[in-house]
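Take a look at the letters that make up each chain.
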Amino acid sequence: AGDVWTNPHGSSGGDVAIVGCGNFSYSTIAFYVNKSTSGKIKYALDINKSRSLSLAKTYNVYQAVSDFDSILTDPEISLIYIASNHHSHAKYAARALESGKNVHIEKPHAVSEVQLENLAASMVRNPNSKVFLGYNRPKSNLFKKLMSSMQYQSGSVTVNWFIAGHEIEADHWYFSENEGGRVLGNLCHWSDLTIHLVGLDNCFPCTISPAVDTQSTSDFSYAISFADGSQAGFTFSAKGHTFEGVREYLNLHKGNLLANLQDFSSLQMSIGETVTKIRSLYRDHGHKKNIQNSYIKAKSDEKGEDIFYVYASGLLILKMKEATEAGAVVTCNPKRTFES
């Protein structure tokens with residue numbers, strides 16, 4: 001059913017589908033599936049047919065399709081990468097899980113608490129279907145080095161993030177009411193990273209204090225106090241155009257460790273008199289590793305993401321958005337038991 005374009009150069013033997021064929025799918029997901037895994041892309045789906053055709057032609061995808069069911073009913077498909085518009089992520093993912101498929105959900109994985117509940121319920125009902133998230137930065141080399149050093153320090157952690165984001169036009173689709181805005185669309189990367197830095201078991205309940213100009217759609221500040229005494233400050237600013245894309249600065253203090261991570265290309269760590277400096281030749285945001293990880297784990301006996309992590313990381317950013325909109329302190333305390 002629906003429109004189908006079959007590529008004369010494609011192979012029907014693929015095991016991957018991509019839903020949403022915008023720039024990120026084109027330049028990152030399809031690129032790394034093709035180049036860095038043994039996967040073959042069988043289907044490309046986008047509501048904009050020219051996008052799915054373009055991706056299909058570039059990557060020798062077997063078919064550009066418009067009907068999601070044709071992907072769900074194909075027993076050869078083991079993993080679906082979902083990178084469509086934000087409010088559709090959770091809906092596509094839940095249907096895929098119910099059909100026994102593994103899913104990689106680009107961020108944000110839900111734009112409302114109802115969507116998050118439904119996604120968690122689908123995970124409970126389909127324990128053999130694995131979920132992977134599009135949070136790529138935890139897989140970056142420098143972040144893993146930082147996490148490794150932190151494990152030798154005890155106590156709470158103090159985290160400070162400053163992010164200079166892209167300026168985007170006022171009529172950009174991010175700002176459509178049901179898409180979640182920039183808090184869900186952008187800031188979720190750093191709220192998720194902070195869960196990794198503090199430790200999932202140390203985070204909740206936490207309190208989120210916004211310091212926001214309620215007129216601004218692109219400038220946000222928060223202070224978060226976590227259950228173990230850890231604290232995190234976030235400032236996200238989008239004014240004018242940053243020359244080298246998004247700029248990210250992390251300052252961190254835990255035990256005797258003082259660390260500074262800049263743009264995922266340089267890391268400095270000080271413990272007493274010992275100073276370690278690591279520089280990369282380029283920014284490594286972990287995209288390649290994350291796309292690979294989803295494919296490799298989908299084909300293996302390894303588990304996907306833990307349901308509590310999926311729920312908690314989704315709820316934290318939703319509560320940050322709620323705090324912004326209310327201009328008030330909000331508590332985030334994700335439940336730990338889920339019903340199907």
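Residues numbered from 1 in each chain as written. Predicted model: local features only at pLDDT ≥ 70, side-chain atom pairs only at ≥ 80, totals over all residues. Heavy atoms only, no water.

Q: What am I meant to see in the overall build of the chain here?
A: For the chain, the count of helices and strands is 10 helices and 16 strands. The C-alpha radius of gyration of the chain comes to 20 Å, within 12% of the 20 Å expected for a compact globule of 340 residues. If you line up the chain on its principal axes, its C-alpha atoms span 60 × 45 × 40 Å. With 340 residues in all, the chain has 54% of them scored as buried. Taken as a whole, the chain presents about 15200 Å² of accessible surface, with 47% of it coming from carbon and sulfur. Counting 32 positive and 33 negative side-chain charges, the chain places the centres of these two groups 6 Å from one another. (Helix = DSSP H or I, 4+ residues; strand = E, 2+ residues; numbered from the N terminus. Rg over C-alpha atoms; globule rule 2.2 N^0.38 Å. Buried < 20%, exposed > 50% of the residue type's maximum accessible area, 1.4 Å probe, protein only. Areas by Shrake-Rupley, 256 points an atom, 1.4 Å probe, with all protein chains shown as cover. Lys, Arg positive; Asp, Glu negative; His and termini not counted. Charge placed at Lys NZ, Arg CZ, Asp CG, Glu CD.)

Q: Is there a simple way to think about the nonpolar core in this case?
A: Grouped burial of nonpolar side chains is what soluble globular proteins tend to show. Counting residues in hydrophobic clusters, the biggest one holds 80 residues, and the most contacted among them are Ile71, Ile80, Leu146, Leu252 and Met320. Broken down by element, this core gets its largest block of residues, 12 residues, from helix H10 (residues 307–326). Not counting the four nearest positions on each side in its chain, Met320 is found in contact with Val183, Leu187, Ser191, Ile208, Tyr222, Ile224 and Phe234. Core analysis: the second largest hydrophobic core is formed by 20 residues, Ile41, Ala44, Ala83 and Phe132 among them. (Core = buried A, V, L, I, M, F, W, Y, C linked by side-chain atoms within 4.5 Å. Contact = heavy atoms within 4.5 Å.)

Q: In this structure, what is going on with the pairing of strand S2 (residues 16–19)? I would like to understand it.
A: The side chains of a regular strand alternate, residue by residue, between the two faces of the sheet. Alternating positions in S2 separate into two faces, Val16 and Ile18 on one and Ala17 and Val19 on the other, with burial throughout. Running through helix H1 (residues 23–36), the crossover from S2 to the neighbouring parallel element strand S3 (residues 41–45) is right-handed. Pairing of S2 with strand S5 (residues 79–82) involves 4 bridges; the strand directions are parallel. Of the residues in S5, the one forming a bridge with Val19 is Ile82. (Right-handed = clockwise from strand over helix to strand, strands pointing away. Pairing = 2+ DSSP bridges.)

Q: What is the right way to read the packing of aromatic side chains from this model?
A: Describing an aromatic ring pair means giving the distance of the ring centres and the angle of the ring planes. Taken as a whole and assessed by the stated rule, the structure comprises 8 aromatic pairs. Relative to Phe236, the ring of Phe220 has its centre 6.1 Å away and its plane inclined at 35 degrees; by these criteria the two rings are tilted. Within this pair, whereas Phe220 is found in strand S10 (residues 220–225), its partner Phe236 is found in strand S11 (residues 231–237), the two being separated by 16 residues in sequence. Residues Phe220 and Phe236 agree in their burial class; the two are buried. For the ring pair Tyr311 and Phe338, a centre distance of 5.0 Å and an interplane angle of 65 degrees mean the geometry is edge-to-face. You can see Tyr311 sitting in helix H10 and its partner Phe338 sitting in the segment after strand S16 (330–332), a full 27 residues away along the chain. Comparing Tyr311 with Phe338, the two get one shared label, buried. Three or more aromatic residues link up through ring pairs in this structure, and these residues are Trp190, Phe220 and Phe236. Geometry around Trp5 places Lys57 over its ring, the cationic atom sitting 5.6 Å from the centre. In this structure, Arg137 packs its charged tip against the face of Phe264, placed 5.8 Å from the ring centre. (Phe/Tyr/Trp six-rings, centres within 6.5 Å; stacked < 30°, edge-to-face > 60°. Lys NZ or Arg CZ within 6 Å of the ring centre and 35° of its normal.)

Q: Would you mind going over the packing of helix H4 (residues 89–98) against helix H5 (residues 113–125) with me for this structure?
A: Helix packing geometry: the angle between the two helix axes and the distance between the axes. At a minimum axis separation of 9 Å, H4 and H5 run at an interaxial angle of 15 degrees. Judged by the angle between their axes, H4 and H5 are roughly parallel. Our pair here, H4 against H5, has a crossing hand that is left-handed. On H5, the residues touching Ala90, Lys91, Ala93, Ala94, Leu97 and Glu98 of H4 are Gln115, Leu119, Ser122, Met123 and Arg125. (Axes fitted to C-alpha atoms, helices over the stretch in contact; angles between N-to-C directions. Parallel < 35°, antiparallel > 145°, perpendicular 65-115°, else oblique. Left-handed = near helix turned anticlockwise from the far one by under 90°.)

Q: Any chance you could explain the sheet that holds strand S9 (residues 206–210) here in plain terms?
A: The strand order across the open sheet built from 9 strands is S15-S14-S13-S12-S8-S11-S10-S9-S16, with neighbouring strands paired in mixed fashion. Looking at the sheet topology across the chains shown, the edges are occupied by strand S15 (274–279) and S16. Between one strand axis and the next, the sheet turns through 15 degrees on average, direction left out of account. By the bridge criterion, 8 bridges tie strand S8 (residues 157–164) to strand S12 (residues 247–254) in an arrangement that is antiparallel. By the bridge assignment, Val157 is partnered in S12 with Lys254. Sitting on the sheet, helix H6 (residues 141–150) is in contact with S8, S12, strand S13 (257–262), strand S14 (266–271) and S15, with an inclination near 10 degrees to S14. Packing against the sheet, helix H7 (residues 181–198) makes contact with S8, S10, S11 and S12, and its axis sits at approximately 155 degrees to S8.

Q: Sorry, what's going on with the pattern of salt bridges here?
A: For side chains bearing opposite charge, pairing can occur when the charged atoms are close. According to the stated counting rule, one finds 14 salt bridges in the structure shown. One salt bridge in this structure joins Asp15 and Lys299, with 3.0 Å as the shortest N-O distance. Of this pair, Asp15 sits in the loop between strand S1 (4–6) and S2 while Lys299 sits in the loop between helix H9 (287–298) and H10, and the two are 284 residues apart along the sequence. Put simply, Lys321 and Glu325 hold a salt bridge, and the shortest N to O gap is 2.9 Å. On the criterion of helical spacing, the pair formed by Lys321 and Glu325 is a turn pair, its members being 4 residues apart in helix H10. Judged by relative accessible area, Lys321 falls into the buried class, the value being 19%. Three or more residues are tied together by salt bridges with common partners; here these are Glu113, Lys319 and Glu322. (Salt bridge = Lys/Arg side-chain N within 4 Å of Asp/Glu carboxyl O.)

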